[in-house]
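# Secondary and tertiary structure notes
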Amino acid sequence: MQVSLAAMDSKATKFLTQASALLTWCSIAAIPLKLSLTYCFLFPAILSTLYLERKTLRAEFTKVLPQLKPFYLFILFILIAAPFGIDFGNSVTKILKLLVLSLCIFSFLKLFNRSGLIKPFLILISAQAIAALHSILEFFWQLPSIFLGAVTESGQLAMTIPVTLGILLTSKKDLPAWGKKLIGLLLATLILALIFNLKRGPWLGAGVGTLLILLIHRPKALWAVVTTIILALALFAPVRERLLNTREHFAIAGGRQVMWSIAGDLATRYPMGVGYGNSRVLQRFAREIPPEHKHFHSNYLNILVETGYIGFVLFCAWLISLISHGLRNSKHSRVSLAFTCAILSWAIAGIVEYNFGDSEVILLVFLILAGIIHINKTSSTASKSEGICLAQKT
């Protein structure tokens, strides 16, 4: 009887493990397509991962703590500071949502341990290319809105373009020649969609991230980026006009100039912040701000106003930690450099966009963060193994 129960328990665990992996695969594919669909797969994936790893979760969390500590310190502080804001209930709700979403990192890590990094990110890139193709067609013809809007999609593209380029530059051992051609085609689709979406912040972020990857690994290919920029300016009048009108758009009534001025006043008035998720308060200070503008169109100003000076410092410390860990891993992996440049691209685009408040974008950040952690773990294990082998030889 006991043997039978043990066998049933083993089969149930095996089934749940496979189901959890499938749910995680599907959630990764859904991130560039639809948030509601992503949640349908992601939350069951998180719950199943937590259940399966319940005995080792504490040990796993301890292993990844160095990379996650700055983020969770930020979460802890904004939770402590919430009572000093203008809407405690709203802040707590938004903080708990961010905390729950961050648990997807453990689901992604479990999948990476089983399947490696390349395949999950190829699924992501393929799904992103489907949405990107729709955006390209939508630029020329009026199509029904199926996927994410241009703002959210551009925030994702600013990260997926450096990641795709990094995978494209991996060695032939990791990727066959036909695979590289296919990924090259997907990369071109992503770049075209980003150009047609006409979002300057993601343009800047993706441009810097891409240039940095090429400068380190393919300096002779920098001409391709320069050529793309020249062609975009020469052939597409909307792109050219978008850049030329930057100053005018900044100073438009109810635009960034007004919002950023209000942000400076609020940061002085509320040193502990108005509370995470409470940036909609800006409409009280300027009637010309459109009702749909409920944030300051800048990660850093939004974080400063909502979480105060300490929260702002902790947020920046988290970003610096992410980039430093990624750069450290880049010695062992080109993909790690691509992940780092993707985070850098997100950070740069966030100067003029509030992409930290976009769930579809922050989920992609968590996926890339999980990739950085996975590479760090595998490289550390490899280094220890090499050290043991050398010790045995001596």
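Residues numbered from 1 in each chain as written. Predicted model: local features only at pLDDT ≥ 70, side-chain atom pairs only at ≥ 80, totals over all residues. Heavy atoms only, no water.

Here we come to the overall build of the protein chain. Each helix and strand in the protein chain was counted, giving 16 helices and zero strands. Taken against the 2.2 N^0.38 rule, which gives 21 Å for 394 residues, the C-alpha radius of gyration of the protein chain at 22 Å falls within 12% of a compact globule. Principal axes of the C-alpha set define a box for the protein chain whose edges measure 75 × 55 × 50 Å. In the protein chain, which comprises 394 residues, the share counted as buried stands at 47%. As displayed, the protein chain offers around 19400 Å² of accessible surface, 67% of which is attributable to carbon and sulfur atoms. (Helix = DSSP H or I, 4+ residues; strand = E, 2+ residues; numbered from the N terminus. Rg over C-alpha atoms; globule rule 2.2 N^0.38 Å. Buried < 20%, exposed > 50% of the residue type's maximum accessible area, 1.4 Å probe, protein only. Areas by Shrake-Rupley, 256 points an atom, 1.4 Å probe, with all protein chains shown as cover.)

According to the stated counting rule, one finds three salt bridges in the structure shown. Where lysine 110 meets glutamate 53, a salt bridge forms, and the shortest distance between an N and an O atom there is 2.6 Å. In this pair, lysine 110 is assigned in helix H5 (residues 104-115) and glutamate 53 in the loop between helix H2 (35-52) and helix H3 (57-81), connecting sequence segments 57 residues apart. Here glutamate 353 ties to arginine 256 by a salt bridge, and the two come within 3.7 Å at their closest N and O atoms. Of this pair, glutamate 353 sits in the loop between helix H15 (334-349) and helix H16 (359-393) while arginine 256 sits in helix H13 (residues 256-269), and the two are 97 residues apart along the sequence. (Salt bridge = Lys/Arg side-chain N within 4 Å of Asp/Glu carboxyl O.)

The next point concerns the packing of aromatic side chains. On inspection of all chains with the given rule, the structure shows 20 aromatic pairs. With centroids separated by 5.1 Å and ring planes inclined at 75 degrees, the aromatic side chains of phenylalanine 315 and phenylalanine 356 adopt a geometry described as edge-to-face. Residue phenylalanine 315 is found in helix H14 (residues 299-329), and its partner phenylalanine 356 is found in the loop between H15 and H16; the two are separated by 41 residues along the sequence. On the basis of relative accessible area, phenylalanine 315 is assigned to the buried category, the value being 1%. (Phe/Tyr/Trp six-rings, centres within 6.5 Å; stacked < 30°, edge-to-face > 60°.)

Right, let's talk about unusual backbone geometry for a bit. Positive phi, normally seen in glycine, also occurs at leucine 198, with a value near 60 degrees. Looking at the element boundaries, leucine 198 is found in the loop between helix H8 (177-197) and helix H9 (200-217). Unusually for a residue other than glycine, histidine 297 sits at a positive phi of about 55 degrees. Mapped onto the secondary structure, histidine 297 falls in the loop between H13 and H14. Under the relative-accessibility criterion, histidine 297 is labelled buried at 14%.

Another aspect to go through is helix H7 (residues 150-168). Spanning 19 residues, H7 covers 25 Å between terminal C-alpha atoms, matching the ideal 27 Å at 1.5 Å per step. The sharpest bend along H7 comes to roughly 30 degrees, located at leucine 157. Among the 19 residues that make up H7, 17 are buried, leaving the element largely enclosed by the rest of the structure. (Expected span 1.5 Å × (residues − 1). Bend = angle between axes of the 7 residues up to and from the residue.)

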